[in-house]
Amino acid sequence: MESDPIISFNHVAKYFASKGDVVRAVDDVSFDVLAGEIFGVIGYSGAGKSTLVRLINALERVDSGEVWVNGTDVTGLGEPQLRALRANIGMVFQQFALFSAKTVADNVGYPLMLAKWPKTKRDARVAQMLDFVGISDKADAYPSHLSGGQKQRVGIARALAHSPAILLADEATSALDPETTADVLALLKRANQELGTTIVIITHEMGVVQNICDRVAVMEAGKIVEIGDTYDVFAHPQFPATRRFIQTALRSHPPRETIDRLHAAHPGRLILMTVPATALDSEAFNLARIADSMHVVSSIIYGSITEVGSRPLGNVVVEMTSPLPDAAAGEAAIEALLVKLESDGIGLTDLGTAEQPQDDPVWAELDDREDEHE
């Protein structure tokens, strides 16, 4: 049974004035975050994602539309009501935002002190949270003596100290190395699973979304251009920005130089296939058998299997030829096979033949983006 929304955006807009122009940081955005899920918002720099997350706790006020949090429309709240709302929302920052003159324990206990928790109760909660994030031995240390990963653990412990229903993580792993990023993501996932905390992650790293998000929204120029189950978005991206992000995360589309080498070695028609878990797990899906039944010979010549949310996703380049003596009939057989595969949910990118190569649209989109920034 699907849970109810804990956050809802209803035609929300936020504008800023910049050098005489109006920047639409958030432009007519509507979506829900469900209670108990890990929801990712991804976009390139300037897409509007950080502004969007600040609208949730009203650190920024909307210009139009409504933002609902835990059944309350936050857009019209005064400061006293906002303080009560924010007490139920934790936030983790890219640059940690720790007090350098306070110990780790004092940093974690700071919001509890502001909330006037008794010292005995506050100390017990701080100890509990430091144990949860795995740095109990650093209670008396100062931030300057911690690694980046340890600082972020302090930030997470502080954000979770008052048991918020919602945790907002704004580029929380951007300043960390890959190994530390994996540790922090595992900790966030544990907070979601063990504490029931709903988490909204703002990031420009598709690998973060790939690892822990249940659903993802892709932002570009202030708008949400794609939203859905993370696995479905990876397996069937609909928008150019999404395809670019997935390529940076998975390297699922071979470089042009690799495609050129494949064409040189294989004269047949090359098809890049994205094979979802439903097909990979199905005994009914046997590419060679299906192809043979349709008078096509298929050979996997390049590819890999990755995981998105612990579910396999395959990306392979397949050479297709036909044993039929008539060339036109052979080409028709390949076309019929491609239609069947697409109807079975297989993502297809036609790379053409050595004689008539076709450019991968993902690389064309990446070229266009580089041109835009020159």
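Owing to the predicted nature of the structure, the values given are computational and were not obtained by experimental measurement.

## Examining the packing of helix α3 (residues 104-114) against helix α4 (residues 119-133)
At a minimum axis separation of 9 Å, α3 and α4 run at an interaxial angle of 125°. Classified by the angle between their axes, α3 and α4 sit oblique to one another. As α3 runs across α4, the sense of the crossing is right-handed. For the pair α3 and α4, contact is made by Val-104, Ala-105, Val-108, Gly-109, Leu-112 and Met-113 and by Arg-122, Arg-125, Val-126, Met-129 and Leu-130, respectively. Residue classes in the contact of α3 with α4 are distributed as eight nonpolar, one polar and two charged.

## Thoughts on the environment of Val-154
Mapped onto the elements, Val-154 comes out in helix α5 (residues 148-160). For the pair formed by Val-154 and Gly-268, sequence separation is 114 residues and the distance between their alpha carbons is 56 Å. For Val-154, the residues in contact, after removing those within four places along its chain, are Leu-98, Val-104, Asn-107, Val-108, Ile-135 and Leu-146.

## Digging into the packing of aromatic side chains
If you walk through the whole model with that rule in mind, you get four aromatic pairs. Taken together, a centroid distance of 5.4 Å and an interplanar angle of 5° make the contact between Phe-31 and Phe-39 stacked. Neither Phe-31 nor Phe-39 differs from the other in exposure class; each is buried. The side chain of Lys-121 reaches across the aromatic face of Trp-117, ending 4.4 Å from its centre. When the ring centre of Phe-132 is taken as origin, the NZ or CZ atom of Arg-190, which lies over that ring, is 4.1 Å away.

## Examining the sheet that holds strand β1 (residues 5-18)
Within a sheet, neighbouring strands are paired by backbone hydrogen bonds and run either parallel or antiparallel to one another. The strand order across the open sheet formed by four strands is β2-β1-β4-β5, and the pairing between neighbours is antiparallel. Unpaired on one side and paired on the other, β2 (21-34) and β5 (72-73) mark the two borders of the sheet. Here strand β4 (residues 64-69) pairs with β5 via two bridges, running antiparallel. Bridge pairing links Val-69 to Thr-72 in β5. In the packing of helix α1 (residues 49-56) onto the sheet, the strands contacted are β1, β2 and β4, and the crossing angle to β1 comes to about 125°.

## Details of the nonpolar core
Nonpolar side chains tend toward joint burial in soluble globular proteins. Core analysis: the largest hydrophobic core is formed by 53 residues, its most contacted members being Val-108, Ile-156, Leu-188, Ile-201 and Phe-234. In terms of nonpolar packing, the next biggest core, distinct from the first, is built from 31 residues, Phe-31, Leu-55, Ile-89 and Met-91 among them.

## Considerations on the pairing of strand β13 (residues 311-321)
Counting buried positions over the 11 residues of β13 gives eight, a clear majority of the element. Summarising the sheet, strand β12 (residues 297-308) and β13 pair through 11 bridges and their orientation is antiparallel. Bridge assignment links Ser-298 to a residue of β13, and that residue is Met-320. Hairpin connection, β12 to β13: the antiparallel pair is bridged by two residues, and Gly-309 has positive phi, about 60°.

## A word on the sheet that holds strand β14 (residues 347-352)
With antiparallel pairing, four strands are arranged side by side in an open sheet as β12-β13-β11-β14. Single-partner strands in this sheet number two, and they are β12 and β14. Neighbour-to-neighbour, the strand axes of this sheet turn through a mean angle of 15°, independent of strand direction. Where strand β11 (residues 269-275) lies against β13, seven bridges are found, and the strand directions are antiparallel. Across the sheet, the residue bridging to Thr-274 is Asn-315, located in β13.

What counts, and where the lines are drawn
- Throughout this document, residue positions are counted from 1 along each chain, in the order its sequence is written.
- Since the coordinates come from a predicted model, pLDDT governs what is reported: local features require at least 70, and pairs of side-chain atoms require 80 or more to be given and counted, while whole-chain, interface and lining totals use all residues.
- In computing side-chain values, all of the structure's heavy atoms are included and hydrogens and water are not.
- Think of each axis as a best-fit line through the C-alpha atoms, taken over the contacting stretch in the case of a helix, with angles from 0 to 180 degrees between the N-to-C directions.
- Counting from the N terminus, the helices are the DSSP runs of H or I reaching at least four residues and the strands are the DSSP runs of E reaching at least two.
- Convention used here: angles under 35 degrees read as roughly parallel, angles over 145 as roughly antiparallel, angles from 65 to 115 as roughly perpendicular, and any remaining angle as oblique.
- Crossing handedness is defined as follows: a turn of the near helix away from the far one that is anticlockwise and smaller than a right angle gives a left-handed crossing, while the clockwise case is right-handed.
- Here, residues are in contact when the closest pair of their heavy atoms is within 4.5 Å.
- Residues are grouped as follows: Ala, Val, Leu, Ile, Met, Phe, Trp, Tyr, Cys and Pro are nonpolar; Asp, Glu, Lys and Arg are charged; every other residue, Gly included, is polar.
- Each aromatic pair joins two rings of Phe, Tyr and Trp (for Trp, the six-membered one) with centres within 6.5 Å, and gets the label stacked for planes under 30 degrees apart, edge-to-face for over 60, and tilted for any other angle.
- For every residue, the accessible area (1.4 Å probe, protein chains only) is compared with the maximum for its type, and the residue is labelled buried under 20%, exposed over 50%, or partly exposed between those bounds.
- As a reminder, the over-ring test applies to NZ of lysine and CZ of arginine, requiring each to be within 6 Å of the ring centre and within 35 degrees of the ring normal.
- For two strands to count as paired, DSSP must find a minimum of two bridges between them.
- Throughout this description, the term nonpolar core refers to a set of buried Ala, Val, Leu, Ile, Met, Phe, Trp, Tyr and Cys residues connected via side-chain atoms within 4.5 Å.

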